Amino acid sequence: MRRNPTFLNLVLLNGEPGQKLQAARDAGFDQVEIWREDVEACDGGATALARMAARQGPGFTNLQVLRDFTGAPSALRTEKREELRQFIQMAQALGCDTIQAPATTREDCCADQIDADLRWMASEAARHNMRIMYEPMAWCSVDNTLPLAWERLQRLDQPNIGLVVDLFHICARGGDASQLDNIPADRIYEVQLCDMAAVPAQDKQSLMAMAKHQRLLPGDGIIDVQSFVDKLKRAGYQGPVGIEVFNDTLKRLPPEVAARQAWQALNRCWD
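What counts, and where the lines are drawn
- Throughout this document, residue positions are counted from 1 along each chain, in the order its sequence is written.
- Local features in a predicted model are, by the rule used here, given only for residues with pLDDT of at least 70; side-chain atom pairs are given and counted only at 80 or more, and totals for whole chains, interfaces and linings are based on all residues.
- Computation of side-chain values: all heavy atoms of the structure, hydrogens and water removed.
- Runs of E in the DSSP output that reach at least two residues are strands. Runs of H or I that reach at least four are helices, and both are numbered from the N terminus.
- Radius of gyration: over C-alpha atoms. The globule rule applied is 2.2 Å multiplied by the number of residues raised to the 0.38 power.
- To sort residues, take the accessible area from a 1.4 Å probe on protein chains only and compare it with the maximum for the residue type: under 20% means buried, over 50% means exposed, and anything in between is partly exposed.
- The contact definition used throughout considers only heavy atoms, calling two residues in contact when any of these lie within 4.5 Å.
- Surface accessibility in these figures is a Shrake-Rupley result with a 1.4 Å probe; residues are shielded only by whichever protein chains are displayed.
- Only four residue types enter the tally: Lys and Arg on the positive side, Asp and Glu on the negative side; His and the chain ends are excluded.
- Here the site of a charge means atom NZ of a Lys, CZ of an Arg, CG of an Asp or CD of a Glu.
- Multiplying 1.5 Å by the residue count of a helix minus one yields the expected span of that helix.
- A pair of Phe, Tyr and Trp rings is counted when the ring centres sit within 6.5 Å of each other, with Trp represented by its six-membered ring. The angle between the planes then sorts it: under 30 degrees is stacked, over 60 is edge-to-face, the rest tilted.
- In our convention, an over-ring charge means Lys NZ or Arg CZ found within 6 Å of a ring centre and within 35 degrees of that ring's normal.

The subject of this paragraph is the overall build of the protein. Along its length, the protein carries eleven helices and eight strands. For the protein, whose C-alpha radius of gyration is 17 Å, the value lies close to the compact-globule estimate of 18 Å for 271 residues. Along the first, second and third principal axes, the C-alpha set of the protein runs to 45 × 40 × 40 Å. Residues counted as buried form 58% of the 271 residues belonging to the protein. For the protein, contacts bridging at least 24 residues in sequence account for 81% of all contacts bridging at least 6. Counting every atom, the protein has about 11,500 Å² of accessible surface; 47% of that belongs to carbon and sulfur. Side-chain charges of the protein comprise 30 positive and 37 negative groups, with the mean position of each set lying 2 Å from the other.

In structure tokens, the structure reads:
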């Protein structure tokens with residue numbers, strides 16, 4: 001049986017970009033989710049990181065994160081489209097074919113423009129053989145749950161836009177693995193595993209505070225991680241699966257220690 005590619009989101013690790021790549025590789029990960037900020041912080045930028053990856057791995061699952069593209073107010077639409085083009089250029093230089101673009105978090109978003117923006121994004125990305133990962137985040141102003149995001153993608157039917165399944169964003173709003181029902185496995189572009197100590201309060205600040213500072217490694221909290229794993233495996237999901245954990249305490253550890261703990265957690269829940 002084909003093994004799912006494994007990845008680590010570099011947000012877990014401290015250090016220079018090259019150190020983070022080495023720590024992820026040495027821990028056992030096939031790929032990493034890399035941030036634009038990591039690329040910009042690297043001496044030599046995307047070209048240097050691509051050389052490192054080609055020489056010793058790991059590869060790149062995706063480039064993060066194009067924020068608030070969909071539904072941007074009219075005065076910002078040209079700017080956001082240029083930002084997408086910059087992301088595409090950076091991803092190409094990395095040798096990466098996927099960009100993460102979550103649903104909008106803006107309260108002043110133009111909700112009636114979201115479909116058109118996603119169609120334009122899909123078309124522009126397709127010109128460069130790129131895919132877009134659309135992520136419903138718990139504090140998004142529109143499409144803040146997996147069912148809502150899937151409903152939109154079904155309606156638009158763009159072949160190069162797929163979903164991110166992030167356990168935090170599902171469970172922080174009280175959802176569970178049943179939200180995966182009826183989503184074809186090939187429309188899920190990646191699975192981000194994590195955990196949490198408790199369900200946060202439902203205001204935006206509480207959701208963001210836990211998501212960005214207090215996530216736990218899978219198996220260390222209250223999420224029924226195994227129910228998600230079992231459902232994804234039964235559905236035949238073959239895409240990347242990995243760890244996305246924002247945790248201030250873990251980030252203070254040496255990067256090789258944090259990466260090794262993440263690899264152990266991933267293997268406990270997805271073997």
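A few words on helix 3 (residues 45-56). Compared with the 16 Å implied by 1.5 Å per residue over twelve residues, the 17 Å span of helix 3 between its first and last C-alpha is a close match. Listed in full, the buried residues belonging to helix 3 are Gly-45, Ala-46, Ala-48, Leu-49, Ala-50, Met-52 and Ala-53. Those residues of helix 3 that are buried lie in contact with helix 1 (17-27), strand 2 (31-35), helix 2 (36-41), strand 3 (59-64) and helix 4 (74-94).

Turning our attention to the packing of aromatic side chains. If you walk through the whole model with that rule in mind, you get three aromatic pairs. Plain terms: the ring middles of Phe-29 and Trp-263 are 5.1 Å apart, the flat faces sit at 80° to each other, and that makes the pair edge-to-face. Placement of Phe-29 in the loop between helix 1 and strand 2 and of Trp-263 in helix 11 (residues 255-269) is noted, with a sequence separation of 234 residues between them. A single burial state applies to Phe-29 and to Trp-263, both of which are buried. Each ring, one from Trp-35 and one from Phe-246, has its centre 6.0 Å from the other, and the planes form 90°; the classification is edge-to-face. Residue Trp-35 is found in strand 2, and its partner Phe-246 is found in the loop between strand 8 (241-243) and helix 10 (248-251); the two are separated by 211 residues along the sequence. For Arg-131, the ring lying beneath its charged end belongs to Tyr-189, and the centroid distance is 3.9 Å.

This part takes up unusual backbone geometry. In this model, Gly-57 is joined to Pro-58 through a cis peptide bond whose omega is -5°. Between Gln-64 and Val-65 the backbone carries a cis peptide bond, its omega angle lying at -15°. Relative to the assigned elements, Val-65 resides in the loop between strand 3 and helix 4. Not every positive phi belongs to a glycine, and Asp-68 is a case in point at roughly 55°. Structurally, the position occupied by Asp-68 is in the loop between strand 3 and helix 4.

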